[in-house]
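As a plain string of letters, each chain reads:
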Amino acid sequence: MKPTVIIGGGIVGLFTAYYLHKQGIEVMILDKGDLQVNCSTGNAGMVVPSHIMPLASPGMVSKGLGWMLSAKSPFYIHPKWDRKLFHWCLLFYRSANEKTVEKSIPFLKNLGLYSKSLYHEFKESHSKTDIGWVEKGLMMLYQTSAGEKEENEFAVLARKNGVQAEILSPTDIQKLEPNQQVNARGAVLFPGDAHLKPAALYQFLQKYLLKNGVTIQPNSLVRAFERKNGTINKVITQNEAIDVGKIILCGGAWSAELAEIMGFKLPLMGGKGYSFMQKNQPQLQQASILTDMKVSMTPFGDEVRFGGTMEIAGTNEAINLSRVRGIFEAIKRYYPDFEATFPKQEDIWHGLRPCTPDGLPYIGPAPNLDNVWVGSGHAMMGVSLAPATGKILANLLSGQSPPLNIEGFRVSRF
Ligand SMILES: Cc1cc2nc3c(=O)[nH]c(=O)nc-3n(C[C@H](O)[C@H](O)[C@H](O)COP(=O)(O)OP(=O)(O)OC[C@H]3O[C@@H](n4cnc5c(N)ncnc54)[C@H](O)[C@@H]3O)c2cc1C
């Protein structure tokens, strides 16, 4: 029996393997890296069913243009003449309208809620494993009246779509952060959100899969494919040619180039972000987004992770210290008492979020190929949405109907 091969062992690839294995399917994961550090390990670890608004929204176009003028801003498109980048920007611009956003919201909402329910199931099945799950919501802090208007409007929209949202005053905020002053005009709390330790989850999944007979091959760059009568029958890596039954493309920010080699279009760009750890003193307690700077703050007991920026830069992995400084400066702006130290270069983590032009992931069969499926393009929600994506793909591959409507995630929609 030829194995089902998953290209890419990030969090989406691992969760897909997890559910395929549960269906009794023989799985092999190939990854070009060492599977120690990648986009799925150093992120903010937030599980956010409240994130029902896609990245490509009307506000992002006007805000993005302003942000592009600042070296420390949270959103940036690397200005270079590149046909694919130009095409992606055009599709992004076309998707950033109210009609498309309205259509996208139920898809993101249902996927997010389903994924969170799968996390609950996962935690119950592996109750002895500590993935650092904390379910006490996400607080969106704002400092300006423009931020207040935007976040409060979003709270109304969220409630209209059945997502719980509470507006907090500075006094309410201090109750959630009793150990230090928070400089904020107000906040919106999404009590249904959670956070976890992404590296702990990632390492656990790898160990679990290996122990249960899933083959995981690091340092196996996929370079080419052998195609026959509308199927891919061989995957060619830097080391060998592998006979395959089915393929699932979970290549993160590199999925577009892999799709191109296979022969189909998958508009997608890497959105680079950074994070770093700090000693958590005085101790911050409530996972938050510092919305004016789009910086995330995830407390993990004695340590805390700050992260942010979205540089649309293809697969360029160079570290831009001005952007890291932008994240760092947000800390004192919101938490003036926090004892922050600028991280050493080797302590700065970076990751490439796989960003689609409309902010919805690609989940489902690839066009014109009978044995290829895609699970990619989750942008800033890969951890959040990986269980649902994996479960949907496992259902599709074993001939069952998906547990929810996946039309919005159609791979050939552009
Ligand atoms: C600063 C920051 C904060 C974030 N915070 C959150 C958060 O709070 N919550 C959340 O849900 N998400 C968050 N994200 C997003 C999340 O990290 C990503 O969506 C997620 O990691 C993507 O997972 P993936 O499996 O699709 O891709 P990846 O983790 O990038 O995995 C893809 C894998 O494919 C492999 N690959 C690529 N090309 C090939 C090839 N040719 N051959 C073999 N292997 C190949 C790569 O080596 C890689 O390991 C954040 C991201 C950043 C940058």
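Residues numbered from 1 in each chain as written. Predicted model: local features only at pLDDT ≥ 70, side-chain atom pairs only at ≥ 80, totals over all residues. Heavy atoms only, no water.

Peer 1: Now, about the nonpolar core: what can you tell me, with residues and values included?
Peer 2: Core analysis: the largest hydrophobic core is formed by 69 residues, its most contacted members being I11, F15, L201 and L209. Apart from residues lying up to four places away in sequence, L201 is in contact with I11, F15, Y119, F122, I131 and L196. (Core = buried A, V, L, I, M, F, W, Y, C linked by side-chain atoms within 4.5 Å. Buried < 20%, exposed > 50% of the residue type's maximum accessible area, 1.4 Å probe, protein only. Contact = heavy atoms within 4.5 Å.)

Peer 1: Hey, could you go over the sheet that holds strand β12 (residues 241-243) for me, with residue numbers and the actual values?
Peer 2: With respect to topology, 3 strands assemble into an open sheet ordered β10-β11-β12, the strand pairing being antiparallel. In this open sheet, the two strands that pair with only one neighbour each are β10 (222-228) and β12. The sheet shows a mean angle of 30° between the axes of neighbouring strands, taken without regard to direction. Sheet topology places strand β11 (residues 231-237) next to β12; 3 bridges connect them, and they run antiparallel. Of the residues in β12, the one forming a bridge with K234 is D243. Packing of helix α8 (residues 255-262) onto the sheet brings it into contact with β10 and β11, and relative to β10 it is tilted by some 30°. (Pairing = 2+ DSSP bridges. Helix = DSSP H or I, 4+ residues; strand = E, 2+ residues; numbered from the N terminus. Axes fitted to C-alpha atoms, helices over the stretch in contact; angles between N-to-C directions.)

Peer 1: An account of the pairing of strand β13 (residues 246-249) is needed here, citing residue identities and associated values.
Peer 2: Examined bridge by bridge, strand β1 (residues 4-7) and β13 share 4 bridges and lie parallel to one another. Among the inter-strand pairings, I6 is bridged to a residue of β13, identified as I248. Of the pairings in the sheet, the one linking β13 to strand β20 (residues 372-376) comprises 3 bridges and is parallel in character. By the bridge assignment for β20, I247 is matched with V372.

Peer 1: Describe the state of the cysteines, and please don't skip the residues or the numbers.
Peer 2: Counting across every chain of the model gives 0 disulfides. The closest cysteine sulfur to the non-disulfide-bonded C355 is located on C39, 8.9 Å from its own sulfur. C355 gets classed as buried once you look at its relative accessible area, which sits at 0%. (Disulfide = S-S within 2.5 Å.)

Peer 1: Summarise the site of the ligand; cite the residues concerned and give the values.
Peer 2: The immediate surroundings of the ligand are formed by 36 residues, with D31, S40, M46, A379 and S384 found nearest. Residue M381 places a main-chain N or O atom 3.5 Å away from an oxygen atom belonging to the ligand. Mapped by element, the contributors of at least two residues to the shell around the ligand are α1 (11-22), β14 (269-279), β18 (349-355) and α10 (382-397). In terms of residues, the shell around the ligand owes the most to one element, β18, which gives 4 residues. (Near = heavy atom within 4 Å. Polar contact = N/O pair within 3.5 Å; in protein donor to acceptor, adjacent residues only side chain to side chain.)

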